[in-house]
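Structural overview
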Amino acid sequence: GGCATCPFMKMNDLDALSDIAEMVIQQKEDGNNNNSKNEMKLKSHLPPQRLHGMKINGIDAIDLGSEPILFMRHFMKEKAMSQSLLQKIKA
């Protein structure tokens, strides 16, 4: 687990993002053939299967794991913490 396995971290530079975009395009050109060599690579960017259906304090584990990334994106864009993060800190 952790940040190194996060799908967003696997796309953290333009070269990696370009590679993923090319794989998606190739997958579509192949007619979404399940035997595509890129399918396994693309699937590796999905959240781990062990998290599907898992809840933590009633919240979907994948959604919960995405929160810090969304908070970070908001902070980078707005140069301020989101109100939802501030509410969580105060709670």
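Residues numbered from 1 in each chain as written. Predicted model: local features only at pLDDT ≥ 70, side-chain atom pairs only at ≥ 80, totals over all residues. Heavy atoms only, no water.

**So, the overall build of the protein**
Where we set the bar: Numbering goes from the N terminus for both helices and strands, where a helix is a DSSP run of H or I of at least four residues and a strand is a run of E of at least two. Buried means the residue's accessible area, taken with a 1.4 Å probe over protein chains only, is under 20% of the maximum for its type, while exposed means over 50%, and partly exposed covers the values in between. Residues count as neighbours in contact if any of their non-hydrogen atoms are within 4.5 Å of one another. Methods summary: accessible areas were calculated by the Shrake-Rupley approach with a probe of 1.4 Å, and residue burial reflects only the protein chains presented.
Of regular secondary structure, the protein possesses 4 helices and 2 strands. For the protein, the sequential pattern of α-helices and β-strands runs α-α-β-β-α-α. For the protein, the proportion of its 91 residues judged to be buried stands at 16%. Here the contacts in the protein between residues at least 6 apart in sequence split such that 21% fall between residues at least 24 apart. Summing over all exposed atoms, the protein offers an accessible surface of approximately 7300 Å²; the carbon and sulfur share of this is 59%.

**Some words on unusual backbone geometry**
You will see that Asn-57, though not glycine, has its phi angle at about 50 degrees, which is positive. Mapped onto the secondary structure, Asn-57 falls in the loop between β1 (55–56) and β2 (59–60).

**Here's the deal with the pattern of salt bridges**
Under the convention used in this document: What counts as a salt bridge is simple: a side-chain nitrogen of Lys or Arg found within 4 Å of a carboxyl oxygen of Asp or Glu.
A complete count under the given rule lists 1 salt bridge for this structure. The salt bridge involving Lys-88 is made with Glu-67; its shortest N-O contact spans 3.3 Å. On the criterion of sequence distance, the pair formed by Lys-88 in helix α4 (residues 83–90) and Glu-67 in helix α3 (residues 61–78) is long-range, its members being 21 residues apart. Residue classification places Lys-88 among the partly exposed positions, given a relative accessible area of 42%. Overall, the relative accessible area of 23% leaves Glu-67 in the partly exposed class.

**Looking at a nonpolar patch on the surface**
The line we're drawing: A patch consists of residues exposed above 30% relative accessible area that lack any salt bridge, with like charges linked at up to 9 Å and nonpolar side chains (Val, Leu, Ile, Met, Phe, Trp, Tyr) linked at up to 5 Å.
Where nonpolar side chains cluster on the molecular surface, the patch consists of Met-72, Phe-75, Met-76, Met-81 and Ile-89 and spans about 540 Å² of accessible area. Among the elements that make up the nonpolar patch, the one with the highest residue count is α3 (3 residues). For Phe-75, the location among the structural elements is in helix α3. Residue Phe-75 is classed as partly exposed on the basis of its relative accessible area of 44%.

**Quick word on the side chain of Ser-82**
The line we're drawing: Two N or O atoms form a polar contact when they lie within 3.5 Å of each other; inside protein one atom must be a possible hydrogen donor and the other a possible acceptor, and for residues adjacent in sequence the pair counts only when both atoms belong to side chains.
You can see Ser-82 is positioned in the loop between α3 and α4. A polar contact of 3.3 Å, which involves the side chain of Ser-82, links it to the side chain of Ser-84. Discounting chain neighbours no more than four positions away, the residues touching Ser-82 are Phe-71 and His-74.

**Some points on the confidence of the model for the protein**
We count it as follows: pLDDT measures the predictor's confidence residue by residue and takes values from 0 up to 100.
This prediction gives the protein a mean pLDDT of 80; 80% of its residues lie at or above 70. Taken element by element, the predicted model of the protein shows its lowest mean pLDDT in helix α2 (residues 37–43) (78) and its highest in α4 (94).

**Remarks on α3**
Operational definition: A helix is expected to span 1.5 Å multiplied by its residue count minus one. Throughout, the bend at a residue refers to the angle made by two axes, fitted to the seven residues ending there and to the seven starting there.
Here α3 is 18 residues long and its end C-alpha atoms lie 26 Å apart, about the 26 Å a rise of 1.5 Å per residue gives. Of all the bends in α3, the greatest, near 30 degrees, is centred on Glu-67, and the proline Pro-68 appears no more than four residues after it. Buried within α3 are the following residues: Ala-61, Ile-69 and Phe-71. Looking at the buried side of α3, the elements it contacts are β1, β2 and α4. Structurally, the start of α3 carries an N-cap: the backbone nitrogen of Ile-62 is 3.0 Å from a side-chain oxygen of Asp-60. Following α3 by one or two positions, Lys-79 adopts a phi angle in the positive range, close to 60 degrees.

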